[in-house]
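Listed below, chain by chain, are the residues.
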Amino acid sequence: MEIRPLEREKMVFENGAYGQRLLPWAALNAPFEGAWVTVPAHGATGAHSHHEYEIFIAVNGEAVVESGGERRAFRPGDIEFHKPGTEHRILNDGAEDFEMYAIWWDSDMTVKFAARHEESV
């Protein structure tokens with residue numbers, strides 16, 4: 001068994017949130033990357049878009065996710081999906097931090113995953 005711990009004291013603040021990339025991870029061959037993200041109370045991430053597909057999984061606290069100009073409540077257990085090029089952000093107007101896990105992927109990551117998989121078989 002391998003566990004990659006979340007190290008909150010080493011989380012980096014960028015784009016309005018604290019984060020720690022937990023993937024890629026040498027122990028895990030995956031066709032995606034991921035990060036733990038904390039949006040501070042009364043904070044928001046900067047609106048942005050990118051070429052990857054992405055999902056957000058709400059873990060703790062409550063926030064609002066804005067995607068493609070639409071806003072919706074975002075609570076623990078919710079999953080939100082962004083297509084490439086869709087502008088999105090998280091708004092946390094609450095008094096507590098909001099925590100989520102973000103996972104993203106593109107076709108290049110898939111090709112690299114398949115090559116690594118073939119090498120390990």
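Given the structure is predicted, the values throughout are model-derived calculations rather than measurements.

Engineer: Teacher, can you tell me more about the overall build of the chain here?
Structural biologist: Summing up its helical and strand segments, the chain has 1 helix and 10 strands in all. For the chain, the α and β elements follow one another from N to C terminus as β-β-β-β-β-β-β-β-β-β-α. Computed over its C-alpha atoms, the radius of gyration of the chain comes to 15 Å, within 12% of the 14 Å expected for a compact globule of 121 residues. Principal axes of the C-alpha set define a box for the chain whose edges measure 50 × 30 × 25 Å. Across the chain, every contact between residues at least 6 apart in sequence was considered, and the portion connecting residues at least 24 apart equals 64%.

Engineer: So what exactly am I meant to see when it comes to the sheet that holds strand β1 (residues 12–14) here?
Structural biologist: One open sheet holds the 6 strands; their spatial order is β1-β2-β3-β10-β5-β8, and the pairing between them is antiparallel. Of all the strands in the sheet, the pair left with one neighbour each is β1 and β8 (79–82). Along the sheet, successive strands turn relative to each other by an average axial angle of 30°, direction set aside.

Engineer: Even after reading the chapter, I still don't get the layout of surface pockets, so can you show me in this structure?
Structural biologist: Over the atoms a probe the size of a water molecule is rolled, and this reveals where empty space is left. A volume near 530 Å³ is recorded for the largest pocket. Looking at the largest pocket, it is lined by 25 residues, and the ones nearest its centre are E14, R21, A35, V37 and W104. Element by element, the count of residues in the lining of the largest pocket is highest for strand β2 (residues 17–23), at 5 residues. The residue inventory of the lining of the largest pocket, partitioned by class, reads 12 nonpolar, 7 polar and 6 charged.

Engineer: Even after reading the chapter, I still don't get the nonpolar core, so can you show me in this structure?
Structural biologist: One broad rule of soluble globular proteins: the nonpolar side chains tend to lie buried together. Formed by 15 residues in total, the largest nonpolar core has its most connected members in V37, V39, F56, F74, I90, F98 and M100. Setting aside anything within four residues of it in sequence, one finds V37 in contact with A17, Y18, G19, F98, E99, M100 and A102.

Engineer: Just checking my understanding: could you explain unusual backbone geometry for this structure?
Structural biologist: Most peptide bonds adopt trans geometry, and most residues besides glycine take a negative phi value. Along the chain, L23 connects to P24 via a cis peptide bond; the corresponding omega equals 10°. Positive phi is not limited to glycine here, since H42 has a value of about 60°. Along the chain, the position of H42 falls in the loop between β3 (33–39) and β4 (43–44).

Engineer: Teacher, can you tell me more about the UniProt feature "domain: Cupin type-2" (unreviewed entry) in the chain here?
Structural biologist: Under the UniProt annotation, "domain: Cupin type-2" (unreviewed entry) lies at residues 36–104. For the annotated span residues 36–104, helix accounts for 0% and strand for 58% of the residues, and the straight-line distance between the end C-alpha atoms is 12 Å.

So, how was this worked out
- Note that residues are indexed from 1 along each chain, following the sequence as it is written.
- Note on the predicted model: pLDDT of at least 70 is required for a residue's local features to be given, and 80 or more for side-chain atom pairs to be given and counted; whole-chain, interface and lining totals, by contrast, use all residues.
- Excluding hydrogens and water, the side-chain values take into account all heavy atoms of the structure.
- Under the scheme used here, helices are H or I runs from DSSP no shorter than 4 residues and strands are E runs no shorter than 2 residues, and both carry numbers assigned from the N terminus.
- Values of the radius of gyration come from C-alpha atoms, whereas the globule rule sets the reference at 2.2 Å times the count of residues to the power 0.38.
- Working rule for contacts: check all heavy atoms of both residues, and any pair within 4.5 Å makes them a contact.
- We call two strands paired when DSSP finds no fewer than two bridges between them.
- Interaxial angle, 0 to 180 degrees, is taken between N-to-C directions of lines fitted to C-alpha atoms, where a helix line uses only the stretch in contact.
- Think of a 1 Å grid over the protein atoms and nothing else: a 1.4 Å probe that fits but is trapped marks a cavity, an open set flanked by protein within 12 Å on at least five of seven lines marks a pocket, and residues with an atom within 4 Å of a point count as lining.
- Grid points are joined across faces, edges and corners, and a volume is the space filled by probe spheres set on the points.
- Residues are grouped as follows: Ala, Val, Leu, Ile, Met, Phe, Trp, Tyr, Cys and Pro are nonpolar; Asp, Glu, Lys and Arg are charged; all remaining types, including Gly, are polar.
- To qualify as a nonpolar core, a set must consist of buried Ala, Val, Leu, Ile, Met, Phe, Trp, Tyr and Cys residues joined through side-chain atoms within 4.5 Å.
- Using a 1.4 Å probe on the protein chains alone, a residue whose accessible area is under 20% of its type maximum counts as buried, one over 50% counts as exposed, and one in between counts as partly exposed.
- UniProt positions are given in the numbering used here, feature names are shortened, and annotations may be inferred rather than shown by experiment.

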